[in-house]
Amino acid sequence: MMEPPAPRCRLCGAGLPEPFLEVTEDFSLVRCESCGLVATSPPVAPAGIGRWYPPSYYGEGNRRFNSVLEGMIPYFRDRRAKAIERFVSKGKMLDVGCGRGILPALMRERGWEAHGLEFSETAARHAREELGIPVFVGSLTDSPYEPESFDAVVLWHVLEHVPDPAEALAKAHQILRPGGLLVVAVPNFESLQAGFSGRHWFHLDVPRHYHHFGVKVLKRMLKSAGFSVADISHLSIEYNPYGWIQSILNRMGFRFNLLYDLLKNPSARSLKSPLLEAPVQSLLTVGVLPPVVSASFALTILEVLLRRGGTIEVYARRTGGE
Ligand SMILES: [Zn+2]
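So, a few notes on the structure that sits alongside this text. All values reported here derive from a predicted model rather than from experimental measurement.

Quick word on the overall build of the protein chain
Now for step 1: Tallying secondary structure elements over the protein chain gives 11 helices and 11 strands in all.
Now for step 2: The C-alpha atoms of the protein chain give a radius of gyration of 20 Å, which matches the 20 Å a tight globule of 322 residues would have.
Now for step 3: Oriented by its inertia axes, the alpha-carbon framework of the protein chain measures out at about 60 × 50 × 45 Å.
Now for step 4: Buried residues in the protein chain amount to 51% of all 322 residues.
Now for step 5: Counting 35 positive and 33 negative side-chain charges, the protein chain places the centres of these two groups 4 Å from one another.

A word on the nonpolar core
Now for step 1: Judged by nonpolar contacts, the single largest core of 35 residues is most densely connected at Leu182 and Val184.
Now for step 2: Where this core is concerned, the elements lending two or more residues are β4 (92-96), β7 (150-156), α5 (165-175), β8 (176-187), α7 (215-224), β10 (227-233) and β11 (311-318).
Now for step 3: Those residues in contact with Leu182, other than ones at most four positions away along the chain, are Val153, Leu155, Leu169, Ala172, Leu176, Leu222, Phe227, Val314, Tyr315 and Ala316.
Now for step 4: Counting residues in hydrophobic clusters, the runner-up holds 19 residues, among them Ala152, Val154, Ala185 and Tyr239.

Considering the pattern of salt bridges
Now for step 1: Under the counting rule described, the total for this entry stands at 11 salt bridges.
Now for step 2: Ionic pairing is found between Glu238 and Arg80, a salt bridge with its closest N-O pair at 3.2 Å. With Glu238 in the loop between β10 and α8 (240-251) and Arg80 in helix α2 (residues 67-85), the pair connects residues that are 158 residues apart, well separated along the chain.
Now for step 3: On the accessibility criterion, Glu238 (25% relative accessible area) is partly exposed.
Now for step 4: In this structure, Arg86 and Asp231 form a salt bridge, with 3.4 Å as the shortest nitrogen-oxygen distance. Taken together, the positions of Arg86 in the loop between α2 and β4 and Asp231 in strand β10 put the pair 145 residues apart, joining distant regions of the chain.
Now for step 5: Among the ionic contacts, a cluster of salt bridges with common partners joins Asp78, Lys82, Glu85 and Arg110.

Quick look at the sheet that holds strand β3 (residues 38-41)
Now for step 1: Reading across from one edge, β1-β2-β3-β9 is the order of the 4 strands in this open sheet, with antiparallel pairing throughout. One side of each edge strand has no neighbouring strand; the edge strands of this open sheet are β1 (21-22) and β9 (211-212).
Now for step 2: Pairing analysis gives 2 bridges linking β3 to β9, with the strands arranged antiparallel. Residue pairing in the sheet places Val38 in a bridge with His212 of β9.

Examining the pairing of β7
Now for step 1: Burial analysis of β7 places 7 of its 7 residues in the buried class, the great majority of the element.
Now for step 2: The pairing of β7 with β8 spans 6 bridges and is classified as parallel. Considered in β8, the bridge of Val153 is made with Leu182.

Describing the coordination of the zinc ion
The expected angle between donors at a tetrahedral four-coordinate metal is 109.5 degrees. At an octahedral six-coordinate metal it is 90 or 180 degrees.
Now for step 1: At 2.2 to 2.3 Å from the zinc ion lie its protein donor atoms, namely Cys9 (SG), Cys12 (SG), Cys32 (SG) and Cys35 (SG).
Now for step 2: Read N to C, the donor residues that coordinate the zinc ion are spaced as C-x2-C-x19-C-x2-C.
Now for step 3: Judged by its relative accessible area of 2%, Cys32 falls in the buried class.
Now for step 4: Judged by its relative accessible area of 9%, Cys35 is buried.

Procedures and definitions
Residues numbered from 1 in each chain as written. Predicted model: local features only at pLDDT ≥ 70, side-chain atom pairs only at ≥ 80, totals over all residues. Heavy atoms only, no water. Helix = DSSP H or I, 4+ residues; strand = E, 2+ residues; numbered from the N terminus. Rg over C-alpha atoms; globule rule 2.2 N^0.38 Å. Buried < 20%, exposed > 50% of the residue type's maximum accessible area, 1.4 Å probe, protein only. Lys, Arg positive; Asp, Glu negative; His and termini not counted. Charge placed at Lys NZ, Arg CZ, Asp CG, Glu CD. Core = buried A, V, L, I, M, F, W, Y, C linked by side-chain atoms within 4.5 Å. Contact = heavy atoms within 4.5 Å. Salt bridge = Lys/Arg side-chain N within 4 Å of Asp/Glu carboxyl O. Pairing = 2+ DSSP bridges. Donors = N, O, S within 2.8 Å, 3.2 Å for Na, K, Ca; no water.

See below:
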């Protein structure tokens, strides 16, 4: 019998050592000793990853949360739009992993020519049919865009989901004009919350996340793909306080991501009715929330001060070809 080939680092090709952290029964984390990139082991074959994205991952009509939280989404998309416009004021943009198309629709309103790319046909349909956004369904690598045709490419919590991040960055480089803006938002594996939470970290999300980036390794990847980093933000009110809240609850021994289920709409839950199926835990969760939420906002500020935010946003320019 042939042995399967030894796993290799996607970034530098070095052989990988034994895992350093067991996350679930089936998945662990392994760190490349040569470049420092952390990967989920074993990686799910791209052909099999679909079953890790059931319809409930997206929620019915691509709405994951209860109506109060859904109501906050336009505010957070508005922040994303303004962050992009700090670097490029107008032009043609691509939102990779555009979901139901809220960001491209907003960018179009602000005078941009906006395109979307989405892996899920169902999500793409909303963007395309309801909002009239041109959406390519598939991977960035397979996308048909012309070289140097975009002024901005946005990878908002996408890079950790693709099997080969270096390949995705190379493609982003190819379709951006020289000087164009690349936005990469990812969970920060070197954050305080990642260190505190270990396998309980909310933003770990294995096996959907193939890789777990720190600032240094991400900067190196961007540099070798032909980008120069203009700014890194460690403050995300949308992602970082919640990362703390859920990770603290997970570490306290509550049912994994129970609060997240309580906040979602029923079509997106793993427990259909958490209050009926786990009543004591649900009530206790609500009971401990006030101190946990306060602590989480304080810790989010501490992460910013120490430049170790739970998720980071990197703004980079495409270099070369000028
Ligand atoms: Zn490596």
